[in-house]
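Given next are the chains, with one letter for each unit.
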Amino acid sequence: MNSDTIEISGNGFHYSALVGHGLMAKAGEFAHKVVSGNDCAIIADETSARLFSDCVCKSLASENFSPRLIRIPAGEKSKSFAQVEKICGKMIETGLDRSSFVVGLGGGVIGDISGFVAAIFQRGIPHIQIPTTLLAMVDSSIGGKTGVDLDAGKNLIGAIHHPSLVITDVQALDTLPARELRQGYAEIIKHAIIRDAEMFYDLSSRAPVKGFRYESFKVTPQDPSTPKAFGVRDDGLVALIRRNVAIKARIVAEDAREISGERALLNFGHTVGHAIERATDFKIPHGDCIGMGMMAACAISIKRAGLSSRERDDVVSLLKQFQLPTQLPAEVDRERIANSVVYDKKFLGGKIRFVLTPRIGEAHVSNDVTMEDIQETIAAL
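Residues numbered from 1 in each chain as written. Predicted model: local features only at pLDDT ≥ 70, side-chain atom pairs only at ≥ 80, totals over all residues. Heavy atoms only, no water.

S.K.: Help me understand the packing of helix α9 (residues 270–279) against helix α12 (residues 334–341), please; the structure alone is not making it clear to me.
M.R.: Helix-helix packing: each pair is described by the crossing angle between the helix axes and the interaxial distance. In the contact formed by α9 and α12, the axes pass within 8 Å of each other and the chain directions differ by 120°. The orientation of α9 with respect to α12, classified from their angle, is oblique. As α9 packs across α12, the resulting crossing turns out to be right-handed. Taking contact as the criterion, the partners of T271, A275, I276, R278 and A279 in α9 are, on α12, R336, I337, S340 and V341. Each residue belonging to the contact of α9 with α12 can be placed in one class, and the counts come to five nonpolar, two polar and two charged. (Axes fitted to C-alpha atoms, helices over the stretch in contact; angles between N-to-C directions. Helix = DSSP H or I, 4+ residues; strand = E, 2+ residues; numbered from the N terminus. Parallel < 35°, antiparallel > 145°, perpendicular 65-115°, else oblique. Left-handed = near helix turned anticlockwise from the far one by under 90°. Contact = heavy atoms within 4.5 Å. Nonpolar A, V, L, I, M, F, W, Y, C, P; charged D, E, K, R; others polar.)

Right, dumping it as C-alpha cells:
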C-alpha cells in the first residue's frame, strides 16, 4: 500500500483525502483516526456493493466496527427523497443512532446521497467517502456538497456536510470501463481550464488516442512539493488525481459555501451540462453532458470574455482525445434544454451567474450573460 495525503480545510472544517493503491483494505484503520462510534452504515449501489463491500466490511470489522451494508439501485434516479427515507428507515431498524457514522462507497450519486443522509440523520453524523469512480475521486467526494434531485433539476435540495475522511483507492479504477473513466476526465479537463493551464496542455500532449491504458501515463508535478514517484504501480494516475483534488481543495477552502463566488468556478460547463442531463432524462452520462456544457461555455466566453478561437479549438481537441462529445446528438430537443437552464442553482434573484473563461487556466463568474446568449449557443451546439 502506498498513499499520499491532501489536507482540506476551511472555516469550520478540516479533513484528509488519502490517494493511493490498495487503501480500501485499510479503511478500518483509517476510520479509527476520525470517528469514535463503532456502528456504521455502508451505503453502496448494487455495483459498488458487489465489487468492494466485502473488502471494506472486512477491514472495518477487523478494527471492531459493526458495519451494516445498505444497497440502493444504481443511477441518478436514486438521488431522491424516497430513497433517503428508505435508507434512514433501515438505519433506524438496524440500531444506528447519533453515535454512528455513514460510509459512502461508490461514485458521485452514492457520495451525494450518503452525504445527505449523514447530514440529516439524527441531525448530523460523520461521513466517510470512499469514491470508486474517477469522477467522484477528482470532484464530488471533495467539498461537502450533498443532496438529492427534484423533478425540476439536479441537487436542488441538499446540505453542505463535509466528510470526516476521503479514502481514494485508485485500484478501484481497474474495474471501470472506458465509458466511465471518460466521465472523470471531463471534470479533470474542467479543472485545467479554470485553474491549471499547465495541466491542460500536459493532458493534451499525453492523452490516450485509442482507448484508456494508463500504464505509461505521466503527469508533470504542479510544484516541487508534489511527489514525483509513488512506488509500485506508479502509472501517473495517483499524481493526476492528487493534483485535481488539490485544485478543488484550494477553491473550497476559499469559498466553502459559495458565498464569494470563487467556488462557483467549479461549475464551468455545468449550467448547460446539467440542463442537458435533465432534458434527456439523465440518459446521457454526466461527464458527456459536462463536455458539451463546456463547449457552450467556451462559445459564450468567446463572445463575452474574449476567449480566442484558437484556445476554444484546443478545448475541442482535448475533449475529443478523451472521447468526450463536443456536439449534441441531432435528436436532442434544444428548446427543452434551454427551458431547463432556468432551474439552475446558479441563478440568483432571477439573474444569471455564468462561469466564463477568458483564457485556459483562468475563469470568472459573469452577470453579463443573457438568456439569449445561452439559447443561441444551445441551438448551435
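S.K.: What is the right way to look at unusual backbone geometry in this model?
M.R.: Note: most residues except glycine have negative phi, and most peptide bonds are trans. Residue N155 is not a glycine yet carries a positive backbone phi of 55°. Locating N155 in the fold gives a position in strand β8 (residues 153–160). By relative accessible area, which is 19% here, N155 ends up buried. With phi around 60°, Q323 is a residue other than glycine that occupies positive phi space. The residue Q323 is located in the loop between α11 (309–321) and α12 in this model. (Buried < 20%, exposed > 50% of the residue type's maximum accessible area, 1.4 Å probe, protein only.)

S.K.: Mind showing me how you'd approach the environment of L96 here?
M.R.: Tracing the backbone through its elements, the reader meets L96 in the loop between α3 (81–93) and β5 (101–106). Those residues in contact with L96 that lie beyond four places of it in its chain are D39, C40, A41, R68, M91 and F121.

S.K.: Is there a simple way to think about the pattern of salt bridges in this case?
M.R.: Between side chains of opposite charge, pairing is possible as soon as their charged atoms come close. The final tally for this structure, using the stated rule, is 24 salt bridges. Across the pair E29 and K26 runs a salt bridge whose closest N-O atoms are separated by 3.7 Å. We classify E29 as partly exposed; its relative accessible area is 33%. Close ionic contact of D139 with K248 constitutes a salt bridge, the shortest N to O distance being 3.0 Å. (Salt bridge = Lys/Arg side-chain N within 4 Å of Asp/Glu carboxyl O.)

S.K.: Before we go on, may I ask you to explain the state of the cysteines in this structure?
M.R.: Note: disulfide means a covalent bond formed between the sulfur atoms of two cysteine side chains. Enumeration over the complete set of coordinates arrives at zero disulfides. Here C40 stays free of any disulfide, with the sulfur of C57 as its closest cysteine sulfur at 7.6 Å. Judged by relative accessible area, C40 falls into the buried class, the value being 0%. (Disulfide = S-S within 2.5 Å.)

S.K.: What is the right way to read the packing of α12 against helix α13 (residues 371–380) from this model?
M.R.: Direction vectors running N to C along α12 and α13 enclose 150°, while the axes themselves pass 9 Å from each other. In terms of their interaxial angle, α12 and α13 are classed as roughly antiparallel. Considering only the axes of α12 and α13, their crossing is right-handed. From α12, R334, I337, A338 and V341 reach across to α13, where they touch M371, I374, Q375, I378 and A379. Here the contact of α12 with α13 is built from residues that sort into seven nonpolar, one polar and one charged.

S.K.: Please explain helix α2 (residues 46–62) as it appears in this structure.
M.R.: It helps to recall that an α-helix has 3.6 residues per turn; residues three or four apart then point in one direction. Between the first and last C-alpha of α2 there are 24 Å, a value that for 17 residues agrees with the 24 Å anticipated at 1.5 Å per step. The largest bend along α2 reaches roughly 60° and is located at F52. Those residues of α2 that sit buried are S48, A49, F52, S53, V56, C57, S59 and L60. Buried residues belonging to α2 abut α1 (27–31), β3 (39–45), β4 (66–72), β5 and β6 (127–131). Residue D45 occupies the N-cap position of α2, its side-chain oxygen lying 3.0 Å from the main-chain nitrogen of T47. In the stretch just after α2, N64 is the one whose phi turns positive, near 70°. (Expected span 1.5 Å × (residues − 1). Bend = angle between axes of the 7 residues up to and from the residue. Polar contact = N/O pair within 3.5 Å; in protein donor to acceptor, adjacent residues only side chain to side chain.)

S.K.: Help me out: how do you make sense of the packing of aromatic side chains in this one?
M.R.: Two aromatic rings, taken as a pair, are described by how far apart their centres are and by the angle between their planes. The final tally for this structure, using the stated rule, is five aromatic pairs. A centroid spacing of 6.2 Å and a plane angle of 40° characterise the contact between F13 and Y15, whose relative ring orientation is tilted. A single burial state applies to F13 and to Y15, both of which are buried. With 4.9 Å between their ring centres and 75° between their planes, F200 and Y201 make a pair best called edge-to-face. (Phe/Tyr/Trp six-rings, centres within 6.5 Å; stacked < 30°, edge-to-face > 60°.)

S.K.: Can you walk me through the pairing of strand β2 (residues 13–21) in this structure?
M.R.: Along any regular strand the residues' side chains alternate between the sheet's two faces. Within β2, eight of the nine residues are buried, which leaves the element mostly enclosed by the surrounding structure. When β2 meets strand β9 (residues 165–169), the two strands line up parallel, connected through five bridges. Looking at the pairing, G20 lines up with D169 of β9. (Pairing = 2+ DSSP bridges.)

S.K.: What's the story with the pairing of strand β7 (residues 145–150) in this structure? I'm lost.
M.R.: With five bridges connecting them, β7 and β8 associate as antiparallel partners. Residue pairing for β8: G147 is matched across the bridge by G158. Once β7 ends, the chain turns through two residues before running back antiparallel as β8.

S.K.: Honestly, the side chain of T377 in this entry has me stumped. Any pointers?
M.R.: In this structure, T377 sits in helix α13. Beyond its immediate chain neighbours, meaning those up to four positions away, T377 contacts A296, A299 and I300.

S.K.: I keep staring at the environment of V56 and nothing clicks. Help me out?
M.R.: Mapping V56 onto the fold places it in helix α2. Residue classification places V56 among the buried residues on the basis of a relative accessible area of 0%. For the pair V56 and V103, spaced 47 residues apart in sequence, the C-alpha to C-alpha distance is 9.6 Å.

S.K.: Which parts of the structure should I look at to understand the environment of T271?
M.R.: By the element assignment, T271 lies in helix α9. Look at T271 and you get buried, because its relative accessible area is 5%. C-alpha of T271 to C-alpha of V341: the two residues are 70 residues apart in sequence and 6.5 Å apart in space.

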